[in-house]
Amino acid sequence: AQSVSQHNHHVILSEAASLELGCNYSYGGTVNLFWYVQYPGQHLQLLLKYFSGDPLVKGIKGFEAEFIKSKFSFNLRKPSVQWSDTAEYFCAVNAGGTSYGKLTFGQGTILTVHP
Amino acid sequence: EAGVTQFPSHSVIEKGQTVTLRCDPISGHDNLYWYRRVMGKEIKFLLHFVKESKQDESGMPNNRFLAERTGGTYSTLKVQPAELEDSGVYFCASSRNLNTEAFFGQGTRLTVV
């Protein structure tokens, strides 16, 4: 069975700082990769996804993630965070060949951005 | 287009009682998923409907949980009888077909006391 590990439980940054959230997965086969975000009081929203092709994917709100197959990683980055990026971030993996909605999630990383 | 809607947003029940959670997927989405997040843990898959059929219920914790999707529209998840360890946030998601991403609802926070 696959598993997903997010390295940080809680990250605290000041506005304009750079962000990198780590995500590693364990699964030997083809995977589809996702980052979801949950802003306070809101539903989970898709930030970005990787299915195939260019391993550097760009998502909404200036976020990007890089799939490194050899490291089983899919880290999320943003060059300059804003206060409005305060939220909980989830990395998720879907095993190739299964429905894209069947996801294995990491534990989540709470990001707090101070103005 | 309306998003995935879940009812109620919060529910507090006593151990041994029954609770029914409802999910209305995005119109036209044949695929519906239930997930649960117990406090401090990761979000875990419970089951997947394709229209009214259960495609995958490998994540259902035990037979106290019953999910239905009559008519292939909205879905209900009933917990009977509820136990303390059932407390958590129950998420519903839907997708148009098997190879498109899922859209999530806001979740139902269930507290069993």
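For the structure itself, consult the block above.
I will try to describe carefully the structure that is included in this document. (Residues numbered from 1 in each chain as written. Chains lettered and ligands numbered in written order. Predicted model: local features only at pLDDT ≥ 70, side-chain atom pairs only at ≥ 80, totals over all residues. Heavy atoms only, no water.)

### Observations regarding the nonpolar core
Moving on, step 1. Ranked by size, the top nonpolar core spans 28 residues in total, and within it Trp35(A), Leu48(A), Phe74(A), Leu76(A) and Tyr89(A) carry the most contacts.
Moving on, step 2. Apart from residues lying up to four places away in sequence, Tyr89(A) is in contact with Gln6(A), Leu21(A), Trp35(A), Tyr36(A), Val37(A), Leu47(A), Phe63(A), Leu76(A), Gly108(A), Thr109(A) and Leu111(A).
Moving on, step 3. If you look at the next biggest cluster of nonpolar residues, it comprises 21 residues, including Leu21(B), Ile26(B), Met60(B) and Ala82(B). (Core = buried A, V, L, I, M, F, W, Y, C linked by side-chain atoms within 4.5 Å. Buried < 20%, exposed > 50% of the residue type's maximum accessible area, 1.4 Å probe, protein only. Contact = heavy atoms within 4.5 Å.)

### Some words on the state of the cysteines
Residues and elements named next belong to chain A.
Moving on, step 1. Applying the stated rule across the entire model yields two disulfides over all chains.
Moving on, step 2. What pairs with Cys23 in a disulfide is Cys91, and their sulfur atoms sit 1.9 Å apart. Note on the Cys23 and Cys91 pair: the S-S dihedral is about -65°, so by sign convention the disulfide is left-handed. In this pair, Cys23 is assigned in strand E4 (residues 23-26) and Cys91 in strand E10 (residues 87-95), connecting sequence segments 68 residues apart.
Moving on, step 3. According to the relative accessible area criterion, Cys91 is buried, its value standing at 0%. (Disulfide = S-S within 2.5 Å. Helix = DSSP H or I, 4+ residues; strand = E, 2+ residues; numbered from the N terminus.)

### A look at the pairing of strand E9 (residues 88-95) of chain B
Residues and elements named next belong to chain B.
Moving on, step 1. Of all eight residues in E9, eight are buried; the element is thus mostly enclosed.
Moving on, step 2. In this structure, strand E4 (residues 31-37) lies alongside E9, joined through seven bridges in antiparallel fashion. Within E9, the residue paired with Leu32 across the bridge is Ser94.
Moving on, step 3. Summarising the sheet, E9 and strand E11 (residues 108-112) pair through three bridges and their orientation is antiparallel. Bridge pairing links Tyr90 to Thr108 in E11.
Moving on, step 4. Pairing of E9 with strand E10 (residues 103-104) involves two bridges; the strand directions are antiparallel. Within E10, the residue paired with Ala93 across the bridge is Phe104. (Pairing = 2+ DSSP bridges.)

### Examining the side chain of Arg37(B)
Moving on, step 1. Topologically, Arg37(B) is positioned in strand E4.
Moving on, step 2. With relative accessibility at 16%, the residue Arg37(B) sits in the buried group.
Moving on, step 3. Reaching out from Arg37(B), the side chain makes a polar contact with the backbone oxygen of Gln107(A) at a distance of 3.0 Å.
Moving on, step 4. Apart from the residues within four sequence positions on either side, Arg37(B) is in contact with Glu88(A), Phe90(A), Gln107(A), Glu42(B), Ile43(B), Gly88(B), Val89(B) and Phe91(B). (Polar contact = N/O pair within 3.5 Å; in protein donor to acceptor, adjacent residues only side chain to side chain.)

### Looking at the packing of aromatic side chains
Moving on, step 1. Counted according to the given criterion, the structure contains 15 aromatic pairs over all chains.
Moving on, step 2. Aromatic side chains Tyr25(A) and Phe72(A) sit 5.5 Å apart centroid to centroid with 70° between the ring planes, which places their arrangement in the edge-to-face category. In this pair, Tyr25(A) sits in strand E4 while Phe72(A) sits in the loop between strand E8 (64-68) and strand E9 (73-78), placing the two residues 47 residues apart along the sequence.
Moving on, step 3. Here Phe72(A) falls in the partly exposed class, since its relative accessible area comes to 37%.
Moving on, step 4. Their ring planes at 40° and their centres at 4.8 Å tell us that Tyr50(A) and Phe67(A) sit as a pair that is tilted. Of the two residues, Tyr50(A) is situated in strand E6 (residues 44-50) and Phe67(A) in strand E8; the sequence distance between them amounts to 17 residues.
Moving on, step 5. For Tyr50(A), a relative accessible area of 8% puts it in the buried group.
Moving on, step 6. Overall, the relative accessible area of 12% leaves Phe67(A) in the buried class.
Moving on, step 7. Within the aromatic cluster, the residues linked to one another by ring pairs are Phe34(A), Tyr36(A), Phe51(A), Phe90(A), Tyr100(A), Phe105(A), Tyr35(B), Phe45(B) and Phe104(B).
Moving on, step 8. Positioned above the aromatic ring of Tyr74(B), the side-chain terminus of Arg22(B) is 3.8 Å from the ring centre. (Phe/Tyr/Trp six-rings, centres within 6.5 Å; stacked < 30°, edge-to-face > 60°. Lys NZ or Arg CZ within 6 Å of the ring centre and 35° of its normal.)

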